[in-house]
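Structure at a glance
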Amino acid sequence: MSPLAAQPARRVAVLGGARVPFARSDGPYATASNQEMLTAALDALVERHGLQEPGAVGEFVAGAVLKHSRDFNLARETVLGSALDPLTPAYDIQQACGTGLQAVIAAANKIALGQTESAVAGGADTASDAPLGVNDRLRRILLEARRAKTAGARLKALARIRPGHLVPDIPRNAEPRTGLSMGEHAAVTARAWGITREDQDALAAASHQRLAAAYERGFFQDLVVPFRGLARDQNLRPGSTVEKLAALRPVFGLDAPDPTMTAGNSTPLTDGAATVLLASEEWARARGVEPLAYLTAYETAAVDFAGGDVAGGEDGLLMAPAYAVPRMLERAGLKMGDFDLVEIHEAFASQVLATLAAWEKRGLEPVDRARLNVAGSSLATGHPFAATGARIVATLATLLAEREGPGRGLISVCAAGGQGVTAILERT
């Protein structure tokens, strides 16, 4: 056989994960950089899995959505500041809220193709330390001054600076194509699918209660490492109930009658980082490590949220998983009933409920709510954009591993830009 002939893809094992507790923005991590948080998560993974020796990890893949210029080469700089072998290659990746899961997929592909034996994937984001851009008018003047050939021309350019030019460009949680925030887009979708306030609050309360129960039973002992005084996710409200959430005022969709989306059934701005260890079966066997689960399929999709069927709910900003999951299941020859666990990223309670409704409309079986986000999800943990995918992969793999016998789990992550990233984990 030619050395270039296609070889069967190898199975990719998920061996473990580590993350820092997620914190509300402008809180305990207000002065922590993406690199500092990501390094803390990576170091915890290295320590727990004995990855300090040279060549232990073939590659590190990670990213951030809100990046400073100092975050250039974030993944590689994180490696160099960590306990991982400094000879470990690394690169950045970014796909909005899908970043963490796309990092896992990128690393898994190389393992499946035999290009590396092991890899770490992850992501970090800080909403507290968001970059502030130079006012574009000031930027143009400064560039003109830099290009000037004489001191006089330089001074002439700088003399045009006015007080208004000193106002920085603040990052906005808005889609460039529409000018609407993610929450406003989600409110449009919620109205289109008839998602009620009561159902949203019930899902949000369940997320907090399930995350609290998972912490109480020690589920996160090997997944979460204390950082800057936090040992648990700061957004967690163990006492959350539908009644308490019902008292909150709506914050999105206020331009239409009877708005339903509140701060309680939407994720807050969050800081944090997460990592996942992936490897071939041979690598795991050589180290005597029992895989938690295997990553067996993945699919991405996108919707035209600016010009598609937005009013009808089909192409809402966060609805791409409604297309990705049916395609993935068809390709894998699976039905929704074949899954023991389902993990849907909770950007908003309304978005989760709209996704479930869209799957049913496309012919998938209804998801048993007892199998949905059983250890809580983003409404309770918070959502540092690039870290969420890695958090979910590690959580789902650990949930599968603690079950008796084989199991299968589905991951669905929506992302800005009208995109979705989905995956399947299995334990045999």
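A brief look at the structure comes next. If you're wondering where the values come from, they're calculated on a predicted model, not measured in any experiment.

Each helix and strand in the chain was counted, giving 13 helices and twelve strands. Relative to a compact globule of 428 residues, whose C-alpha radius of gyration would be 22 Å, the chain shows 22 Å and is just as compact. Overall size of the chain, expressed as C-alpha extent along the three principal axes, is 75 × 60 × 50 Å. Of all 428 residues assigned to the chain, the portion counted as buried reaches 55%.

Quick look at the nonpolar core now. Counting residues in each nonpolar core, the largest one holds 47 residues, and the members touching the most others are Leu101, Ile411 and Leu425. Top contributing element to this core by residue count: helix α3 (residues 99-112), with nine residues. In this structure Ile411 touches Leu101, Glu343, Ile392, Val393, Leu396, Val421, Thr422, Ala423 and Leu425, once residues within four positions along its chain are discounted. Listed in part, the 37 residues of the second largest apolar core include Leu15, Leu38, Leu51 and Val225.

Now for the packing of α3 against helix α13 (residues 388-401). Look at α3 against α13: their axes get within 5 Å of each other, and the N-to-C directions meet at 65°. In this structure, α3 uses Gly100, Leu101 and Val104 to contact α13, whose residues at the interface are Gly389, Ala390 and Val393. Partitioned by chemical class, the residues of the contact of α3 with α13 number four nonpolar, two polar and no charged.

Below, the discussion takes up the pattern of salt bridges. The tally for this structure, following the rule as stated, stands at 24 salt bridges. For Arg10, the salt bridge identified is with Glu117, shortest N-O distance 2.9 Å. With Arg10 in the segment before β1 (12-19) and Glu117 in the loop between α3 and β5 (118-125), this pair connects stretches of sequence that are 107 residues apart. Here Arg10 falls in the partly exposed class, since its relative accessible area comes to 24%.

Here helix α11 (residues 349-361) is 13 residues long and its end C-alpha atoms lie 19 Å apart, about the 18 Å a rise of 1.5 Å per residue gives. Within α11, ten of the 13 residues are buried, which leaves the element mostly enclosed by the surrounding structure. The first or second residue beyond α11 is Gly363, which carries a positive phi of 95°.

How each quantity is defined
Residues numbered from 1 in each chain as written. Predicted model: local features only at pLDDT ≥ 70, side-chain atom pairs only at ≥ 80, totals over all residues. Heavy atoms only, no water. Helix = DSSP H or I, 4+ residues; strand = E, 2+ residues; numbered from the N terminus. Rg over C-alpha atoms; globule rule 2.2 N^0.38 Å. Buried < 20%, exposed > 50% of the residue type's maximum accessible area, 1.4 Å probe, protein only. Core = buried A, V, L, I, M, F, W, Y, C linked by side-chain atoms within 4.5 Å. Contact = heavy atoms within 4.5 Å. Axes fitted to C-alpha atoms, helices over the stretch in contact; angles between N-to-C directions. Nonpolar A, V, L, I, M, F, W, Y, C, P; charged D, E, K, R; others polar. Salt bridge = Lys/Arg side-chain N within 4 Å of Asp/Glu carboxyl O. Expected span 1.5 Å × (residues − 1).

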